[in-house]
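Topology and contacts: notes
Now for the letters of each chain:
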Amino acid sequence: MSMLRSCAVATLFAAFSVQLLAAAERRQDIQPPLHTEGHRIVDAAGRSVRLTSVNWYGFDQKEYVVGGLDHAPLKTIVNEIRRIGVNSVRLPWANETRERDPVVADYAVKANPQFKGKHAMEIMDAVVAALAEAHIMVILDNHVSRADWCCSETDGNGLWYNAEYPESHWLADWQAIVRRYQHQRWVVGADLRNELRAGAAWGGADPKFDWHAAAERGGDAVLTSNPRLLVMVESPDYSTNFTGFDKLPVRLKVEHRLVYSPHAYNISDHSFSSYEELKRAYDARGGFLVHLEPGVPVWVGEFGSCQNLNCGANSDWFHFYIRYLRENGLSWSYWPLNGTQSTGETRKYDAVETYGLLSPDYRHFAAPKIIELLRTVEGPPVRAPRELPQP
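Here is what the cut-offs are and how they apply
Residues numbered from 1 in each chain as written. Predicted model: local features only at pLDDT ≥ 70, side-chain atom pairs only at ≥ 80, totals over all residues. Heavy atoms only, no water. Helix = DSSP H or I, 4+ residues; strand = E, 2+ residues; numbered from the N terminus. Buried < 20%, exposed > 50% of the residue type's maximum accessible area, 1.4 Å probe, protein only. Polar contact = N/O pair within 3.5 Å; in protein donor to acceptor, adjacent residues only side chain to side chain. Contact = heavy atoms within 4.5 Å. Disulfide = S-S within 2.5 Å. Pairing = 2+ DSSP bridges. Axes fitted to C-alpha atoms, helices over the stretch in contact; angles between N-to-C directions. Phe/Tyr/Trp six-rings, centres within 6.5 Å; stacked < 30°, edge-to-face > 60°. Parallel < 35°, antiparallel > 145°, perpendicular 65-115°, else oblique. Left-handed = near helix turned anticlockwise from the far one by under 90°. Core = buried A, V, L, I, M, F, W, Y, C linked by side-chain atoms within 4.5 Å. Salt bridge = Lys/Arg side-chain N within 4 Å of Asp/Glu carboxyl O.

Here the focus is the side chain of Ser-235. Locating Ser-235 in the fold gives a position in the loop between strand E7 (230-233) and helix H7 (236-239). On the basis of relative accessible area, Ser-235 is assigned to the buried category, the value being 0%. A polar contact of 3.1 Å, which involves the side chain of Ser-235, links it to the backbone oxygen of Asn-241. Aside from chain neighbours lying at most four places away, what touches Ser-235 is Leu-196, Trp-211, Thr-240, Asn-241, Phe-242 and Phe-245.

See the structure below:
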């Protein structure tokens, strides 16, 4: 390598390091707790906050623990989250995990011997504490009732309750987990229930399917235990259809806490030929939320694509959707962080997680192109250094 080229590469790396440091400083400047003002999320100092998040799943799965603790120390994984540049983690959990609180299998935490023989909730405490120490905010997400991979119409987890975990359990579990972290200021939000389906409706005459009324009950239960949390509300149809939310809004007993949370993935049987076509489709089913008055913030709780962005229409969709996030000023949470799968329906323990941001050893980026695009939706673009052409 020539001296000129060597200096140029060193300059690129130095600039990249400065950009990463600036991202970390922005993250640490946030002062929890958070609340809402119109369409904005703001911190305790009144400064606007865009939630930029990753989903770190596992407490909702059959290992009952976040992915990666079998491959890397907890601190290493948290450092990788910091390097991605996000300011928050959406942490899915299952009612079964909270209620049974099983001892986690040794194989699932083998890179963290301090967790051997520990119960699931003890490990969750340690994960939340490690994220908080790094000034990474946590949004707790009630993902499923029975621990398993989500989601289908027949998995028994499509509503906020089932026969084994009735609504009374859902409410009690939320209050228990909120009380558990009520003194941890970096726990800032409660995503009431993931991807409602299986007949869930927004309103209607049948209370067994009325997610609107249940969301108000759940939100009020959360805020009774900790009135400082944000409350994230998803929609029916896998949180892709917010039709009717303008006519039947959520009303919580504590004001300035509500956030709506759509999800977005490429529609397998439809390819968008242009950004304008995508924009019309998403505006109709959820994008209109950014124009509702009184204003409610919007946080896209899940979206994602293949790691290498070399998957045809799915990749095209992802580029369009990044533009959609940017143009609408939306908060977001990428699915997922995990480099490997947990055990579950259609899933194989330790198989590669093909949408994951981290490598299977949880020590490197597996999706640098995606991470680069995500950084364009949190502020000025932060670009990784590239090899320069030979002079």
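As a further point, take the state of the cysteines. Simply put, disulfide is the name for a covalent bond between the sulfur atoms of two cysteines. Taken as a whole and assessed by the stated rule, the structure comprises two disulfides. For Cys-150, the disulfide goes to Cys-151, at an S-S distance of 1.4 Å. Looking down the S-S bond of the Cys-150 and Cys-151 bridge, the torsion is 80°, so its handedness is right-handed. Listing the disulfide partners of the protein by sequence rank of the bonded cysteines yields 1-2, 3-4.

Turning our eyes to something else, we now look at the sheet that holds strand E4 (residues 88-94). An order of E8-E7-E6-E5-E4-E3-E12-E10 is seen for the eight strands of this open sheet, with the pairing classed as parallel. Since the sheet does not close on itself, it has two edges, and those belong to strand E8 (258-260) and strand E10 (299-300), each with one partner. Strand direction decides the pairing type here: E7 and E8, joined by three bridges, are parallel. Note that in E8 the partner of Met-232 across the bridge is Val-259. Against the sheet, helix H5 (residues 167-180) engages E4, strand E5 (137-144) and strand E6 (187-191), with an angle of about 160° to E5.

The next subject is the environment of Arg-197. Residue placement: Arg-197 occurs in the loop between E6 and helix H6 (211-225). Given a relative accessible area of 2%, Arg-197 falls into the buried group. The spacing of Arg-197 and Glu-153 is 44 residues in sequence and 6.8 Å in space, taken between C-alpha atoms. Here Arg-197 is in contact with Cys-150, Cys-151, Ser-152, Glu-153, Asp-155, Asn-157, Gly-158, Leu-159 and Tyr-238, once residues within four sequence places are set aside. A polar contact is formed between the side chain of Arg-197 and the side chain of Asp-155, at a distance of 2.8 Å. For Arg-197, the side chain forms a polar contact with the main-chain oxygen of Asn-157, separated by 3.5 Å.

This brings us to the packing of aromatic side chains. Considering all chains together, one arrives at 24 aromatic pairs under this definition. Ring geometry for Phe-242 against Phe-245: centres 4.7 Å apart, planes inclined by 65°, an arrangement best described as edge-to-face. Both residues of the pair, Phe-242 and Phe-245, belong to the buried class. Here the aromatic rings of Phe-303 and Tyr-321 are separated by 5.7 Å at their centres, their planes lie at 50°, and the arrangement is tilted. Highlighted residues: Phe-303 in strand E11 (residues 302-303) and Tyr-321 in helix H9 (residues 313-328), separated in sequence by 18 residues. Tyr-321 shares its class with Phe-303; the two are buried.

Attention now moves to the packing of H9 against helix H10 (residues 368-375). With their axes 10 Å apart at the nearest point, H9 and H10 run at an angle of 20° to one another. When the axis of H9 is compared with that of H10, the two are roughly parallel. Crossing of H9 over H10 shows right-handed handedness. On the side of H9, the interface is formed by Phe-318, His-319 and Ile-322, while H10 contributes Ile-370, Leu-373 and Leu-374.

Turning our attention to the nonpolar core. Ranked by internal contacts, the top residues of the largest apolar core, which has 97 residues, are Trp-56, Leu-91 and Phe-303. Looking at this core, the element that brings in the most residues is helix H4 (residues 120-133), giving eight residues. Discounting chain neighbours no more than four positions away, the residues touching Leu-91 are Trp-56, Phe-59, Val-66, Met-124, Val-127, Val-128, Val-138, Ile-139, Leu-140 and Asp-141. Formed by 14 residues, the second largest nonpolar core is a distinct cluster that contains Ile-41, Leu-51, Trp-186 and Trp-299.

For the rest of this paragraph, the subject is H10. Given 3.6 residues per turn, any residue in an α-helix points the same way as the ones three and four places further on. Within H10, six of the eight residues are buried, leaving the element largely enclosed by the surrounding structure. Those residues of H10 that sit buried are Ile-370, Ile-371, Glu-372, Leu-373, Leu-374 and Arg-375.

Another aspect to go through is the pattern of salt bridges. Under the counting rule described, the total for this entry stands at 19 salt bridges. Ionic pairing is found between Asp-155 and Arg-197, a salt bridge with its closest N-O pair at 2.8 Å. One end of the pair, Asp-155, is in the loop between E5 and H5; the other, Arg-197, is in the loop between E6 and H6, with 42 residues separating them in the sequence. Its relative accessible area of 5% is what places Asp-155 among the buried residues.

With an omega of 25°, the peptide bond between Cys-150 and Cys-151 qualifies as cis. Looking at where Cys-151 falls in the secondary structure, it is placed in the loop between E5 and H5. With an omega of -15°, the peptide bond running from Trp-335 to Pro-336 counts as cis. As for its placement among the helices and strands, Pro-336 is situated in the loop between strand E12 (331-334) and H10. For Tyr-64, which is not glycine, the phi torsion reads 60° and is therefore positive. Relative to the helices and strands, Tyr-64 is located in the loop between strand E3 (52-55) and helix H2 (74-84).

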